[in-house]
Amino acid sequence: MTERMKAGIEKLKEIQEKNLLGGGQKHIDRQHSRNKMTARERIDLLLDDKTFRELGSCVNTTGQRMDGKKSDAPCDGAVMGTGKIDGRTVAVYASDFTVLGGSIGAQHIQKFAELMKLAANWGIPFISLLDSSGGRLGYQDVTPAGIDWYFLLQSRYSGLIPQLNLLMGPCIAGQAYAPTLCDFLLMSRETGNLWLGGPRQTQAATSEKFNKDVGSADYHMTLSGTCDVVGADDKETILKAQKLLSYLPSSYRERVPIMETEDDPVRSVDDLVELVPDDYEKTYDMHEVISSIVDNGEFFEIKDEYAKNLITCFCRFDGRTVGLVANNPAESGSILEINSCDKYYRFLQVLDAYRIPLVNLVDTPPEVPGEEQERIGLLRHFGKILDVYATATIPKVSVMLRESYADAGSLVMGGVKSMGVDLTYAWPIARFAVEASTLDYSEIYDKGIEEDAYAGYLNRSREKVDVFDAARAFTGQVVDEIIDPADTRRVIIESLALTANKTEELPERAKCHGAPPT
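In this text, all values refer to a predicted model and were calculated from it rather than measured experimentally. (Residues numbered from 1 in each chain as written. Predicted model: local features only at pLDDT ≥ 70, side-chain atom pairs only at ≥ 80, totals over all residues. Heavy atoms only, no water.)

Q: Mind showing me how you'd approach the overall build of the protein here?
A: When its secondary structure is counted, the protein shows 18 helices and 20 strands. Counting across all 518 residues of the protein, residues that qualify as buried make up 50%. When contacts within the protein are restricted to residue pairs at least 6 apart in sequence, those whose partners lie at least 24 apart make up 74%. For the protein, the exposed surface amounts to about 24200 Å²; the carbon and sulfur share of it is 51%. (Helix = DSSP H or I, 4+ residues; strand = E, 2+ residues; numbered from the N terminus. Buried < 20%, exposed > 50% of the residue type's maximum accessible area, 1.4 Å probe, protein only. Contact = heavy atoms within 4.5 Å. Areas by Shrake-Rupley, 256 points an atom, 1.4 Å probe, with all protein chains shown as cover.)

This is how it looks when you write it as structure tokens:
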């Protein structure tokens, strides 16, 4: 080996060893004191052992600040590269909070942008481990802090490759839009915070003081609905990301993962008749129904604490990944309102983007009426589901358990065949109607309502149609077949196999999208 080569190798090792310390041991200790892992520790936990291959490790910004001072920034605060999760190749980017607070400089954002472009070209998932103070303001080579590239690339590659964002630190101001543009946002309850205007920034601008819990993981899970999955800490958040990724393909070009299972595909689920009461006035927890029919009783719920009257989750039937959407009578009578509409809409968007089949379990009254819901746009929000359900070309299978009322149970849960559902099944106790009310309309309208109108129209809307009456006329386009509840698992698995090679094309457009309600 020549002296020149030896010197070059020594220099590379020196840079790599320095990078392991990021911004220095003092900052690593501070990170640990806050119960936060470092960027490299997070990557090591996320990826299969010894599979991480770093890109851009020699980047270092000796940044020229506006005040004339210079600062050292190993990797420019962005650790990135490729690796494997359960043997599948992924791209991973982690902001390093020990280096200038993980702030985004010119080289930092360039590394992010290049990796995302490569991931899209290669057809591999892109995972962001975010812990950053935002744009690196006060430096000469950073104009809008580069965050505009986040928005451009995340939006353009949306639906091409899965984008997971794990928020395990602060995320504030303009950068806070980035987690909202990914497919799934996972937040650490202990360390993650997301604000458009943080406590100090908001107080400085408006004098408003707000609770420290605003912007936390639980806040964005239960109130804003921005967060999809919450982990107790960094470790649990990362482990949940690994689990979630197992349900997703590597890109839109691939089929959903099929896993080996020992759960019998023709297993009879005899306890369903005990789990679901045939008294329509009694409630039950749909989670128990889901657990009894999916492979090994396992499912991964999205937004589990938001709009709890609707369940959205990933699960498997005979090893095949599906997205399952179900009403939950245990919560607010399983009524669809604005928040549950948005939850369903977003989940169905992701399913259609990655060709993941949809299974609906239906037991619902109509949408919730009322001045408040009307005022804040229930029609507009429900219209979004109508749009995405009608244009989704994925396999759609629906099972009516007890009740399917009006637009909530029919139009977007697979109860009307003309909306695009492939196969609709119903239990023998199922019934259908336009509305669930049992009030006497004559008492509401009092005098002035003609008797024949009352008898001929007002009561007609809440007549309950028995499933056998609905099935008698196949042209009614309500159900394809009535099934024994014990056969629910088998029927869903057979239906997914039948529709696995489904082909459906939308009308050709000069542009690739429509203009759904907002």
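Q: Is there a simple way to think about the environment of S133 in this case?
A: Within the secondary structure, S133 sits in the loop between β6 (126-130) and α5 (147-156). Its relative accessible area of 37% is what places S133 among the partly exposed residues. It is 8.4 Å that separates the C-alpha atoms of S133 and L100, two residues lying 33 residues apart in sequence. The contact partners of S133, leaving out residues within four places of it in the chain, are F97, L100, G101, G102, S103 and I172.

Q: Got a minute to help me understand a negative patch on the surface in this structure?
A: Judged by side-chain charge, D270, D271, E274 and D484 come together as a negatively charged surface patch. Within the element layout of this structure, D270 appears in the loop between α8 (234-245) and α9 (272-275). (Patch = residues over 30% accessible without salt bridge, like charges linked within 9 Å, V, L, I, M, F, W, Y side chains within 5 Å. Salt bridge = Lys/Arg side-chain N within 4 Å of Asp/Glu carboxyl O. Lys, Arg positive; Asp, Glu negative; His and termini not counted. Charge placed at Lys NZ, Arg CZ, Asp CG, Glu CD.)

Q: I keep staring at the side chain of N360 and nothing clicks. Help me out?
A: The residue N360 is located in strand β15 (residues 358-364) in this model. Residue class for N360 comes out buried when judged on its relative accessible area of 0%. Side-chain polar atoms of N360 contact the backbone oxygen of V325, separated by 3.3 Å. In this structure N360 touches V325, Y344, Y389, V397, S398, V399, V412, M413 and G414, once residues within four positions along its chain are discounted. (Polar contact = N/O pair within 3.5 Å; in protein donor to acceptor, adjacent residues only side chain to side chain.)

Q: Would you explain the state of the cysteines in this entry?
A: Here a disulfide denotes one covalent bond, and it connects the sulfur atoms of two cysteines. Throughout the structure, instances matching the rule amount to 0 disulfides. Cysteine C313 shares no disulfide, and the gap to the nearest cysteine sulfur, in C315, comes to 4.8 Å. The class for C313 is buried, based on a relative accessible area of 0%. (Disulfide = S-S within 2.5 Å.)

Q: What am I meant to see in the layout of surface pockets here?
A: Leftover empty space is mapped by rolling, across the atoms, a probe with the size of a water molecule. Counted as a void, the second largest pocket has a volume near 400 Å³. What lines the second largest pocket is a set of 22 residues, and nearest its centre among them are T180, G225, T226, K303 and R346. (1 Å grid on protein atoms, 1.4 Å probe; cavity = no way out; pocket = protein on both sides within 12 Å on 5 of 7 lines; lining within 4 Å. Points joined across faces, edges and corners; volume = space filled by probe spheres on them.)

Q: Please explain the nonpolar core as it appears in this structure.
A: Across soluble globular proteins, nonpolar side chains show a tendency to be buried alongside one another. One finds F314 and Y344 to be the most contacted residues of the largest nonpolar core, which totals 63 residues. Top contributing element to this core by residue count: helix α11 (residues 338-353), with 8 residues. By size, the runner-up hydrophobic cluster in this structure holds 34 residues, among which are I109, L130, C182 and L194. (Core = buried A, V, L, I, M, F, W, Y, C linked by side-chain atoms within 4.5 Å.)

Q: Sorry, what's going on with the packing of aromatic side chains here?
A: To describe a pair of aromatic rings, one takes the distance between the centres and the angle between the planes. Summed over the entire model, instances satisfying the criterion amount to 7 aromatic pairs. Geometrically, the ring pair formed by F151 and Y177 is edge-to-face, given 5.8 Å between the ring centres and 85° between the ring planes. With F151 in helix α5 and Y177 in the loop between β8 (170-172) and β9 (184-188), this residue pair connects regions lying 26 residues apart in the sequence. When the ring of Y247 is compared with that of F300, the centres are 6.3 Å apart and the planes differ by 45°; the resulting orientation is tilted. Of this pair, Y247 sits in the loop between α8 and α9 while F300 sits in strand β12 (residues 299-302), and the two are 53 residues apart along the sequence. For the pair shown, Y247 and F300 are each scored as buried. Within the aromatic cluster, the residues linked to one another by ring pairs are F184, Y247, F300, F314 and F347. Lying across the ring of F97, K36 places its NZ or CZ 4.3 Å from the centre. (Phe/Tyr/Trp six-rings, centres within 6.5 Å; stacked < 30°, edge-to-face > 60°. Lys NZ or Arg CZ within 6 Å of the ring centre and 35° of its normal.)

Q: Where do I start with the sheet that holds strand β5 (residues 88-95) in this structure?
A: Strand pairing in a sheet is mediated by backbone hydrogen bonds. Such pairs are either parallel or antiparallel. The mixed open sheet is built from 7 strands, whose spatial order is β1-β4-β5-β6-β7-β9-β11. Looking at strand neighbours, the two that pair on one side only are β1 (53-55) and β11 (229-231), the edges of this open sheet. Put simply, the sheet's adjacent strands are angled 20° from each other on average, direction ignored. By the bridge criterion, 3 bridges tie β9 to β11 in an arrangement that is parallel. Across the sheet, residue L186 finds its bridge partner in β11, namely V229. Each of β1, β4 (78-85), β5 and β6 touches helix α3 (residues 39-46); the most contacted strand, β5, lies at about 165° to it. (Pairing = 2+ DSSP bridges. Axes fitted to C-alpha atoms, helices over the stretch in contact; angles between N-to-C directions.)

Q: What exactly am I supposed to notice about empty space enclosed by the protein here?
A: If you walk through the whole model with that rule in mind, you get 3 cavities of 30 Å³ or more. If you add up the space inside the largest cavity, you get close to 70 Å³. F112, M116, F126, S128, L130, Y150, Q154, Q163, L164, N165, A178 and C182 together form the lining of the largest cavity. Contributions of two or more residues to the lining of the largest cavity are made by α4 (106-122), β6, α5 and β7 (163-167). Looking at side-chain class alone, the lining of the largest cavity contains 8 nonpolar, 4 polar and no charged residues. (Nonpolar A, V, L, I, M, F, W, Y, C, P; charged D, E, K, R; others polar.)

Q: What's the story with the environment of V256 in this structure? I'm lost.
A: Looking at where V256 falls in the secondary structure, it is placed in the loop between α8 and α9. Using a relative accessible area of 10% as the deciding quantity, one classes V256 as buried. As a C-alpha pair, V256 and R355 span 99 residues in sequence and 7.2 Å in three-dimensional space. Not counting residues within four places of it along the chain, the set of residues in contact with V256 comprises P249, R320, T321, Y354, R355 and I356.

Q: What am I meant to see in a nonpolar patch on the surface here?
A: Judged by side-chain polarity, M1, M5 and I9 come together as a nonpolar surface patch covering roughly 340 Å² of accessible area. If you trace the backbone, I9 turns up in helix α1 (residues 3-20). What makes I9 partly exposed here is its relative accessible area of 31%.

Q: Just to check I follow, could you spell out the packing of α4 against α5 for this structure?
A: Any two packed helices are characterised by the angle at which their axes cross and by the distance between the axes. Interaxial distance between α4 and α5 falls to 10 Å at its minimum, and their mutual angle equals 5°. When the axes of α4 and α5 are compared, the pair comes out roughly parallel. Taking contact as the criterion, the partners of H108, I109, Q110, F112, A113, M116 and K117 in α4 are, on α5, W149, Y150, L153 and Q154. Residues of the contact of α4 with α5, tallied by class, amount to 7 nonpolar, 3 polar and 1 charged. (Parallel < 35°, antiparallel > 145°, perpendicular 65-115°, else oblique.)

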